[in-house]
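Chains, contacts and geometry: an overview
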Amino acid sequence: MKKLFILNLGVAMFGDNWYWNSELCHFAMESPLVLGVTVATAALGGRYMIRAWQAFKARPSVPHIRRFYEGGFQHSMTRREAALILGVREHAVVEKIKEAHRRVMVANHPDSGGSHYLASKINEAKDVLMGRAKGTGSAF
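Not measured: the values here are computed from a predicted model.

A few words now on helix α2 (residues 79–86). Within the span of α2, buried status applies to Glu-81, Ala-82, Ala-83 and Leu-86. At its buried positions, α2 is contacted by α3 (94–108) and α4 (116–130). Gly-87, located one to two residues past α2, shows a positive phi value of around 80 degrees.

Written as structure tokens, this is what we have:
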């Protein structure tokens, strides 16, 4: 009775004869190759992700864009400060100044919970930009 032995890499032994099985060889060679490439790709991808995460954590924090002017009010209001308060350019048209004053005043009016101090500064900013500044500064 002859026995069939299948050995690695597609070589089969049937009795005393050796046979080459191309299908078995192809499968036997392809499987470890695909597995090795897959493992190597996963390892390199994981290494890349770890390094990217470490670089992300180590980066210096960049200050975010500020939407509001940081700092207090100046002693006497300038055109620049008035423009910053109303959110317009220093040499804006009168209609834009009035519209910006109305918009800011609606948000900060004392009758709707706003501050009297901020309302006076908003009114002063409108007067400075429209050229009606009395030079006396805020009531506060």
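Having seen the model, we can carry on.
Taken as a whole, this structure holds two salt bridges when the rule is applied. Here Arg-103 and Glu-99 are joined by a salt bridge, their closest N and O atoms 3.9 Å apart. One end of the pair is Arg-103 and the other is Glu-99, both in helix α3 and four residues apart, which spans about a single turn. You can call Glu-99 partly exposed: its relative accessible area is 47%.

This paragraph deals with the packing of α2 against α4. The relative placement of two packed helices is expressed as an angle between their axes plus a distance between the axes. Relative to each other, α2 and α4 sit at 125 degrees, their axes nearing to 9 Å. By the angle between their axes, α2 is oblique relative to α4. Crossing hand, α2 versus α4: left-handed. Contacts between α2 and α4 involve Arg-79, Ala-82, Ala-83, Ile-85 and Leu-86 from the first element and Lys-121, Ile-122, Ala-125, Lys-126, Val-128 and Leu-129 from the second. When grouped by side-chain class, the residues that make up the contact of α2 with α4 number eight nonpolar, no polar and three charged.

The terminal C-alpha atoms of α3 lie 21 Å apart, and with 15 residues this matches the ideal 21 Å at 1.5 Å per residue to within 8%. When α3 is considered as a whole, its buried residues turn out to be Ile-97, Ala-100, His-101, Val-104 and Met-105. Take α3 and look down its axis: the buried residues cluster within an arc of 130 degrees, on one side only. Those residues of α3 that are exposed and angled more than 90 degrees off the buried face are Glu-95, Lys-96, Arg-102, Val-106 and Ala-107. Where the residues of α3 are buried, they touch α2 and α4.

What counts and how
- Residues numbered from 1 in each chain as written.
- Predicted model: local features only at pLDDT ≥ 70, side-chain atom pairs only at ≥ 80, totals over all residues.
- Heavy atoms only, no water.
- Buried < 20%, exposed > 50% of the residue type's maximum accessible area, 1.4 Å probe, protein only.
- Helix = DSSP H or I, 4+ residues; strand = E, 2+ residues; numbered from the N terminus.
- Contact = heavy atoms within 4.5 Å.
- Salt bridge = Lys/Arg side-chain N within 4 Å of Asp/Glu carboxyl O.
- Axes fitted to C-alpha atoms, helices over the stretch in contact; angles between N-to-C directions.
- Parallel < 35°, antiparallel > 145°, perpendicular 65-115°, else oblique.
- Left-handed = near helix turned anticlockwise from the far one by under 90°.
- Nonpolar A, V, L, I, M, F, W, Y, C, P; charged D, E, K, R; others polar.
- Expected span 1.5 Å × (residues − 1).
- Arc of directions from axis to C-beta.

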